[in-house]
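Residues per chain, in single letters:
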Amino acid sequence: MDSARVVVLYEDTSRSTALFEELARRGIPFEKWFIHEGILLPTAPPAPDWKNCVFFSRLSPSAKERDHGRSLPFGRIVLSWLEAHELAVWNGSRALDLDTSKSLQVLTLSKYGIDTPRSTLVVGKGQLVETARRTFGPVQPFYCKPDQGGSGTGVQCVEDADTLAFALRADKLSEAPNDLYLLQEAIGSRCGDPSRVLYRAEFVAGELVYTMRIVAQKAHYSLCPCDAWRSSSTSFTRLAAPPPETNGPAWVRFLEGVHAFMMDNAILVCGIEFAFRPGVPSPVVFDVNMNTNYAPHIEADMDANHGGGALARLAQSLASQFMVEEEEEEEEVEEEEEEEKEKLTVKLASPDCIVSSHPELFDELARGVKISQDRLTGAVLLETECSVVSCYGDKT
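Residues numbered from 1 in each chain as written. Predicted model: local features only at pLDDT ≥ 70, side-chain atom pairs only at ≥ 80, totals over all residues. Heavy atoms only, no water.

Chemist: I'd like a description of empty space enclosed by the protein, backed by residues and values.
Modeler: Taking a probe equal in size to a water molecule and rolling it over the atoms shows the remaining empty space. All told, the structure shown has four cavities of 30 Å³ or more when counted by the stated rule. In this model, the second largest cavity occupies a volume close to 50 Å³. Every residue lining the second largest cavity is listed: Ser57, Arg58, Leu59, Asn91, Ala95, Leu96, Asp99, Met290 and Asn291. With three residues, helix H3 (residues 93–99) is the largest single contributor of residues to the lining of the second largest cavity. Partitioned by chemical class, the residues of the lining of the second largest cavity number four nonpolar, three polar and two charged. (1 Å grid on protein atoms, 1.4 Å probe; cavity = no way out; pocket = protein on both sides within 12 Å on 5 of 7 lines; lining within 4 Å. Points joined across faces, edges and corners; volume = space filled by probe spheres on them. Helix = DSSP H or I, 4+ residues; strand = E, 2+ residues; numbered from the N terminus. Nonpolar A, V, L, I, M, F, W, Y, C, P; charged D, E, K, R; others polar.)

Okay, here's the thing in structure tokens:
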């Protein structure tokens, strides 16, 4: 890893290829770290040259769908190890925690003034029906989903608590990782609607790159843009302006909240999915994807007509991280050189002072300075009318 500057931690080869190709195309040095297998010595320090690297994680909660479930706990330890040694890590352990818990997303987003659906976390299936009845009443629709999501797996739109009870009796409710379920308010549509209108905004380094309007067919909950070209169940259209349901102040508050959320949690890139309550201009965020994958047709249009899409911005942001590191190192070297110069500046308390054993270094001294050598010590003596002499050489 001697020449690496950007180190990408990943477990999904097919969906990481686009980033690898973009980094290579731009001549950005990078290293792949396949996190599904490996060995880690937790008490050993990283290699010294790793301080020059920027580590970027693409670990995803959907890893279990690829039989890579162990990459998540192993990756969490690796990221924590890198962070413990104060290396530059983006989308690190905190981002992975958020990506693998929708209830933690709700809790964290609310701290930044970002609206989220009314949500209740339930441990085990035994309390689901009664909790749903207390939370949403007898007729309000809601979603029942695993707290740890991934590609829409296990998400169900439920008309009411009785419908949920029937699904449980018929064993039609998917098992959730760790047996944690989230009951969440249905925003913007009802379960029986033939399609749902949702939105997804792509952010890089805390800034909005573009927003997409999503039309998803009934019971289709995988909203990954990278699959748009091969799916007839979901369509993605890039918007040239904010969604029509919002207004200027509400949209600005949303963008400011997302920026703070990303910076405080060391998130370099994420895709945020949201909808609107009728007549309310504030976006309601129902999912944050830290391991975002982009729609090829939108990225191609952005590259051709708008100076680059989200993938290009991501590559640029990663490159800028290690460029900043190099600039900081250069500044540190310059500061050290200045400190050495200061150490070599001698302030004389009297006209006579032992300065150096190398008289050849003092050719630049002004005329009128008498240089002599002590016969016992061999040191050089300066005799001058000045009370202070600045010199360059060994200080004795």
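Chemist: Can you tell me about the side chain of glutamate 185, naming the residues and giving the values?
Modeler: Note that glutamate 185 resides in strand E8 (residues 180–185). A relative accessible area of 12% places glutamate 185 in the buried class. A polar contact of 3.0 Å, which involves the side chain of glutamate 185, links it to the side chain of arginine 277. For glutamate 185, the contacting residues outside a window of four places in its chain are Pro117, Arg118, Phe136, Gln140, Tyr143 and Arg277. (Buried < 20%, exposed > 50% of the residue type's maximum accessible area, 1.4 Å probe, protein only. Polar contact = N/O pair within 3.5 Å; in protein donor to acceptor, adjacent residues only side chain to side chain. Contact = heavy atoms within 4.5 Å.)

Chemist: Help me get a handle on the sheet that holds strand E1 (residues 6–10), residues and values and all.
Modeler: Whether parallel or antiparallel, the strands of a sheet pair through hydrogen bonds between backbone atoms. Taking strand neighbours across the sheet as the criterion, the four strands line up as E2-E1-E3-E4 in an open arrangement whose pairing is parallel. The open sheet has two edge strands, strand E2 (30–34) and strand E4 (88–90), and neither has a second partner. Each strand axis lies, on average, 20 degrees off the axis of its neighbour in the sheet, ignoring direction. By the bridge criterion, four bridges tie E1 to strand E3 (residues 54–57) in an arrangement that is parallel. (Pairing = 2+ DSSP bridges. Axes fitted to C-alpha atoms, helices over the stretch in contact; angles between N-to-C directions.)

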